[in-house]
Amino acid sequence: MLVVMQSHAAPAQIDRVVRVIEGQGMSAHVMPGATRTAIGITGNTGAVDKSLFEVLDGVEETIRVTKPYKLASREMKRDDTTIEFAQGTVGPKTFTMIAGPCSVESETMMMKTAEHLISRGVKFLRAGAFKPRSSPYSFQGLGLEGLRILEKCRSKTGIGIVTELMDTEHASAVEDAADIIQIGTRNMQNFSLLKRVGKCRKPVLLKRGMSATLEEWLMAAEYIMAGGNYQVILCERGVRTFSDHSRNTLDLSVIPPAKALCHLPLFVDPSHGTGKRAYVPAMSLASLAAGADGLLIEAHPEPDRAMSDGAQSLDFAGLDAILARLKSLAPAFDRTM
Ligand code: PEP
Ligand code: MN
């Protein structure tokens, strides 16, 4: 249920509603809006008695939320969610590029990448220090040393850091180093990990599970939000289908329904979505046109020597070309870059 406050409701009236919710053993989620504050209720086992709230001062109305993902749903929050960073804003009217190599390989290549991105106005660097690899014999990432390298890139250039958290053991280390914590496709339903990042103070980029329905994806976001972390960015990265012409099937058709049902920002990863660098430009432009709020693209100073995902990584010239096209097209879609 959602308790919508009157536009002039006082903070004390909001507090009172929160206390009544908590007094019933349920959780209250205060969501300030453009004109009114709404308070979401979760943790109820049966129907919530709306008469408990309708009599309280400052309450405008109560609304039943029908979707199983409560906090992530548009029913709970009508306006698109915006997330503010020192580096810039993610959300409606903007289009944000996150780029970088699949893995942190060395300080030299990471610094080169960070400097290139910053020089092109890209505000977020993404690279994995901890890598989920299909083979235990493949490069697994530099781990904590990789996080130190990413922190150095931020200190030197001011770029925001996006990096993957694979297990609860490293949650504090990744949370400290990252500006955005990535949860990978293989962990979309790792519920212990989702609960743990629900307790983090950093925004989370939640990749869609490779065989997840939209509802399962939104329920994963709900796990994070139910823990009190409302700063979730969804990321479509392709799903498994019968098609074998690309690594995954990039499901851009999920964007309109995801936007209709959910208020969170939505990014697209055309690199993992296609697996081939030649297909990344077209899918990047299509993502902008389909309503995405940004892209996550793999780019490497020397893609053919990359320790992971070289075939789908662009070189800097390739990334620059996409950036130029996106920048010229973004205004047509009412977005700035
Ligand atoms: C990655 O971003 O490098 C990655 C491993 O992504 P995914 O979880 O989408 O496979
Ligand atoms: Mn990768």
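Scroll up to find the structure.
1. Regarding the coordination of the manganese ion (ligand 2)
Argument step 1. Surrounding the manganese ion (ligand 2) are the protein donor atoms Cys102 (SG), His272 (NE2), Glu298 (OE) and Asp309 (OD), which sit 2.1 to 2.4 Å from the metal.
Argument step 2. Between consecutive donors of the manganese ion (ligand 2), the numbers of intervening residues give the motif C-x169-H-x25-E-x10-D. Highlighted residues: Cys102 in the loop between strand S7 (96-100) and helix H3 (107-119) and Glu298 in strand S14 (residues 294-298), separated in sequence by 196 residues.
Argument step 3. For Cys102, a relative accessible area of 3% gives the class buried.

2. Some points on the nonpolar core
Argument step 1. Core analysis: the biggest nonpolar cluster contains 74 residues, and Met97, Met110, Leu125, Leu206, Leu234 and Leu319 have the highest contact counts within it.
Argument step 2. Sorting elements by how many residues they give to this core places helix H7 (residues 214-226) first, with seven residues.
Argument step 3. Those residues within four positions of Leu206 in sequence are excluded, and the remaining contacts are Ile183, Met188, Leu194, Trp217, Ala220, Ala221, Ile224, Val232, Ile233, Leu234 and Cys235.

3. A look at the sheet that holds strand S1 (residues 2-5)
Pairing between the strands of a sheet comes from backbone hydrogen bonds, and it takes one of two forms, parallel or antiparallel.
Argument step 1. Ordered by their spatial adjacency, four strands build an open sheet running S2-S3-S1-S4, and the pairing between neighbours is antiparallel. The open sheet has two edge strands with one neighbour each: strand S2 (27-32) and strand S4 (59-63). Going from strand to strand, the sheet's axes swing by 20 degrees on average, the running direction of each strand aside.
Argument step 2. Here S2 runs beside strand S3 (residues 37-42); their pairing, made up of six bridges, is antiparallel.

4. A short note on the pairing of S7
Argument step 1. With respect to burial, S7 is a largely interior element, five of its five residues being buried.
Argument step 2. Covered by surrounding structure in S7 are Thr96, Ile98 and Gly100 together with Met97 and Ala99, the residues of both alternating faces.
Argument step 3. As judged from the five bridges shared by S7 and S14, these two strands associate in the parallel manner. Paired with Met97 across the bridge in S14 is Leu295.
Argument step 4. As defined by bridge partners, S7 adjoins strand S8 (residues 124-126) across two bridges and the pair is classed as parallel. When the sheet's bridge partners are listed, Ile98 is paired in S8 with Phe124.
Argument step 5. Chirality of the crossover, the property in question, places the unit of S7, H3 and S8 among those that are right-handed.

5. So, unusual backbone geometry
Argument step 1. Phi at Lys93 is positive, roughly 70 degrees, even though this residue is not glycine.
Argument step 2. Tracing the backbone shows Lys93 in the loop between strand S6 (88-90) and S7.
Argument step 3. Even without being glycine, Asp334 reaches a positive phi, approximately 60 degrees.
Argument step 4. Here Asp334 is to be found in the segment after helix H11 (316-329).
Argument step 5. Owing to a relative accessible area of 48%, Asp334 belongs among the partly exposed residues under this scheme.

Cut-offs applied
- Each chain has its residues counted from 1, running along the sequence as written.
- Working convention: letters from A go to chains and numbers from 1 go to ligands, in the order in which they are written.
- Side-chain atom pairs in this predicted model are given and counted only at pLDDT of 80 or more, local residue features only at pLDDT of at least 70, and totals for whole chains, interfaces and linings cover all residues.
- As a rule here, side-chain values cover all heavy atoms of the structure and leave hydrogens and water aside.
- Because no water is among the atoms considered, metal sites can look incomplete, with donors defined as N, O and S atoms within 2.8 Å of the metal, or 3.2 Å for Na, K and Ca.
- Per the convention used, a helix needs a DSSP run of H or I reaching at least four residues, while a strand needs a run of E reaching at least two, with both numbered from the N terminus.
- Throughout, exposure labels follow a simple rule: accessible area from a 1.4 Å probe, protein chains only, divided by the maximum for the residue type, with under 20% read as buried, over 50% as exposed, and the rest as partly exposed.
- Take the buried Ala, Val, Leu, Ile, Met, Phe, Trp, Tyr and Cys residues and link them wherever side-chain atoms come within 4.5 Å; each set so joined is a nonpolar core.
- When checking whether two residues touch, look at their non-hydrogen atoms; a contact exists if any pair is within 4.5 Å.
- Pairing between two strands is assigned when DSSP locates at least 2 bridges connecting them.
- What counts as an axis is a line fitted to C-alpha atoms, over the stretch in contact for a helix, and the angles between N-to-C directions run from 0 to 180 degrees.
- By convention, orient the strands away from the viewer: a clockwise path from the first strand over the helix to the second makes the crossover right-handed.

Function-wise, these values are silent; they only describe arrangement.
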